[in-house]
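So the chains spell out like this:
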Amino acid sequence: MNKVCRYLKNDALALALPSILALLSPFTFAVTYRNLRVWRTYLWASLIGNLGEPLLYLVAIGFGIGALIGENGIYGIPYDVFLAPGILVSTCMYTATFETTFGSFTRMKPQKTFDAILVTPVNITELATGEVYSAAVKSGLGALIVLLVIWAFGLVKSPLAILTIPLGFLVGYAFGALGLVFTAIAPDYSFFNYFFTLLIAPMFLLSGIFFPVSVLPEWAQTIAHILPLTHAVTISRSLCLGTLSQELLVHVFVLFIGGFLSTFFASVLLSRRLIP
Amino acid sequence: MSDVALSARGLTKSYNGIQALKGITFEVYRGECFGMLGPNGAGKTTTVKILCGLVRKDGGKVYVEGCDLDVDIRRIKSLVGVVPQDDNLDPDLSAKANLETYARYFCMDKATAKKRIDEVLGFVALREYANRPIHTLSGGMRRRLLLARALVNQPKILILDEPTAGLDPQSRLAFWDLLRGLQREGVSIVITTHSMDEAQRLCARVAIVDCGEIMVLDNPITLIQRFCPKEVIEVRGIKGIPKEVLELDGVKVEKAHETVYLYGDDVDRVLIALSKIPNISYLRRQTNLEDVFLRITGRELRE
């Protein structure tokens, strides 16, 4: 155990600077290019898959529950308008985490794509960052699709909502990185059940998508504010309603740092696993 | 400039307290084909994985074209091409797209990559299959595509880990010819294999590795002369070793499983002695690298 800790510490020191350099390295983009090129084959299938679930939530919960809540909505905002921005970022979260769990794991284990990449000049931090970036791109496209849908339903109240597309990239970056951490330690696919059941599903329900975090008991609010998705929901809702504030920059910062640290951590774990 | 393309000195590696490499030292000259032979678990794959950056060594030094692996691994990887033991082509992409994505990992510019990909596809005779999905290619074609992929970056050194395992004779012969062609162009080759035939035909020098150490390292012919008499008779169908044979001078007798091996520089006399024994079958042949290999690593099963 001590030995493992020492290894991880050594790797962490060795990979700190490369992790920063990897953010804009051409080798990183080469990895992303590969993933997106493969994805292009399945583009339509996956975009429509992207669309299905959020649409269901909007109809069933937004219009269904929304009808019961009535005209006053939530703090004066109609319920479907309140819900839509949250559904948008949760779609991004699911798109990105699927990509870096099931997707990355497939590339790592059965396909051995990571082994093929690591004998080329691409280093482990660039590989990890490239994987996360491809999740971010898919997530950004997911955001675009959902935005079009909620705009068509008349649930967008401000032109600032266009910024939910770059927000989609950022959310994809943060959650893609989180997923990759779990991939780095996953022995097999079933391990991801823990990730989705214990982390992603609670986040989906408790991050202020369906009701404001402020109605929760205080201890639960504290937890909710730590969850990365809460930050994403806050930004998304402000953009769709057109209520900007400087505080949003803090939320953006939290998502970026969370994504960066997770990517770094995933690199350290992957490095031990793939280069023994 | 020296004519050493790659040098490995005192490589050590242990996994969970078990020493897989106990100090491997060798050099590969420019344009040479260097073979590593050894039973499963001997340390061949660990050695080549260290050379291509997939395993970290515990100790020792590696220099590739003068670059130190500890200092400039990125540069080394750009000089090396790797054909892995397991097929790790991208199953979702066509043959050509596999090479295109791979060229990106070397940051080759588009025009250079395009030209080079056409070249290597032609070299491995897969130009017609460029747009085929990977799963429609035969085993031999996939191996050739893996070779083409390893050549995209115009490597100075090519590392192949059991490249012809599972190929039919035609594909294997074709693959060997490709490697000879590369050698003529000055590419240095490091190859691990279980096929003695392959090693004997391709390699200028071979290292026989066992238990994490290089046991012997030399030209295949020299090794055969050093360790084995000229000929051997393999005899099947006898219980003990007949007295007539044992009495002959200059005959070395080895027994393994169901077969008795009778080694000697002049085995005519052995044949005469054997002809008196009924119901046996035997094969007379020249000794080869396999005899050297078995002499050095023993005849017992390893796993």
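Residues numbered from 1 in each chain as written. Chains lettered and ligands numbered in written order. Predicted model: local features only at pLDDT ≥ 70, side-chain atom pairs only at ≥ 80, totals over all residues.

1. What about the overall build of chain A?
On a plain count of helices and strands, chain A comes out with 11 helices and 0 strands. In terms of C-alpha radius of gyration, chain A reaches 19 Å, essentially the compact-globule figure of 19 Å for 276 residues. C-alpha extents for chain A along the principal axes are approximately 60 × 45 × 35 Å. The proportion of buried residues among the 276 residues of chain A is 49%. Taking the intrachain contacts of chain A between residues at least 6 apart in sequence as the baseline, contacts between residues at least 24 apart amount to 81%. (Helix = DSSP H or I, 4+ residues; strand = E, 2+ residues; numbered from the N terminus. Rg over C-alpha atoms; globule rule 2.2 N^0.38 Å. Buried ≥ 20, exposed ≤ 12 C-beta atoms within 10 Å, placed from the backbone. Contact = placed C-beta atoms within 7 Å.)

2. Some remarks on unusual backbone geometry
Residues apart from glycine generally show negative phi values, whereas peptide bonds are mostly found in trans. All names here are of chain B. The phi angle at Gln 154 is positive, at roughly 50 degrees, despite the residue not being glycine. Here Gln 154 shows up in the loop between helix H5 (139-151) and strand S7 (157-161). The partly exposed category is assigned to Gln 154, around which 16 C-beta atoms lie within 10 Å. You will see that Cys 211, though not glycine, has its phi angle at about 50 degrees, which is positive. Tracing the sequence through the fold places Cys 211 in the loop between strand S9 (205-210) and strand S10 (213-218).

3. Comments concerning the nonpolar core
Counting residues in hydrophobic clusters, the biggest one holds 154 residues, and the most contacted among them are Val171(A), Ile159(B), Ile189(B) and Val190(B). If one sorts the elements of this core by residue count, helix H4 (residues 79-108) of chain A sits on top with 15 residues. Ignoring any residue separated from it by four or fewer positions in sequence, one finds Val171(A) in contact with Val89(A), Cys92(A), Met93(A), Ala96(A), Ser139(A), Ala232(A) and Leu255(A). (Core = buried A, V, L, I, M, F, W, Y, C linked by C-beta atoms within 7 Å.)

4. Some remarks on the packing of helix H6 (residues 124-152) of chain A against helix H11 (residues 247-274) of chain A
Residue and element names in this part refer to chain A. Viewed as axis vectors pointing N to C, H6 and H11 meet at an angle of 130 degrees, and their least axial separation amounts to 9 Å. Judged on the interaxial angle alone, H11 and H6 are oblique. As for how H6 packs across H11, the hand of that crossing is right-handed. Note on element contacts: H11 touches H6 through Gly 259, Thr 263, Ala 266, Ser 267, Leu 270, Ser 271 and Leu 274, opposite Ile 124, Thr 125, Ala 128, Thr 129 and Val 132. Along the lines of polarity and charge, the residues of the contact of H6 with H11 split into 6 nonpolar, 6 polar and no charged. (Axes fitted to C-alpha atoms, helices over the stretch in contact; angles between N-to-C directions. Parallel < 35°, antiparallel > 145°, perpendicular 65-115°, else oblique. Left-handed = near helix turned anticlockwise from the far one by under 90°. Nonpolar A, V, L, I, M, F, W, Y, C, P; charged D, E, K, R; others polar.)

5. Thoughts on helix H3 (residues 95-104) of chain B
Along an α-helix, residues three or four positions apart point the same way, because every turn accommodates 3.6 residues. Judged by how many residues are buried, H3(B) sits mostly within the fold: 10 of 10 residues are covered. Of all the residues in H3(B), the buried ones are Ala95(B), Lys96(B), Ala97(B), Asn98(B), Leu99(B), Glu100(B), Thr101(B), Tyr102(B), Ala103(B) and Arg104(B). If you follow the buried residues of H3(B), they end up packed against helix H2 (26-41) of chain A together with helix H4 (110-123) and H5 of chain B.

6. Side note on the interface of chain B and chain A
Facing 23 residues of chain B, the contacting portion of chain A comprises 21 residues. Of all elements in the fold, only helix H2 (73-79) and H3 of chain B reach the threshold of two or more residues within the side of chain B that touches chain A.

7. Quick notes on the environment of Leu167(A)
Residue and element names in this part refer to chain A. Inspection of the secondary structure assignment puts Leu 167 in helix H7 (residues 164-185). Note: C-alpha distance between Leu 167 and Ile 48 (119 residues apart in sequence) is 20 Å. Apart from residues lying up to four places away in sequence, Leu 167 is in contact with Ala 143, Ile 235, Ser 236 and Leu 239.

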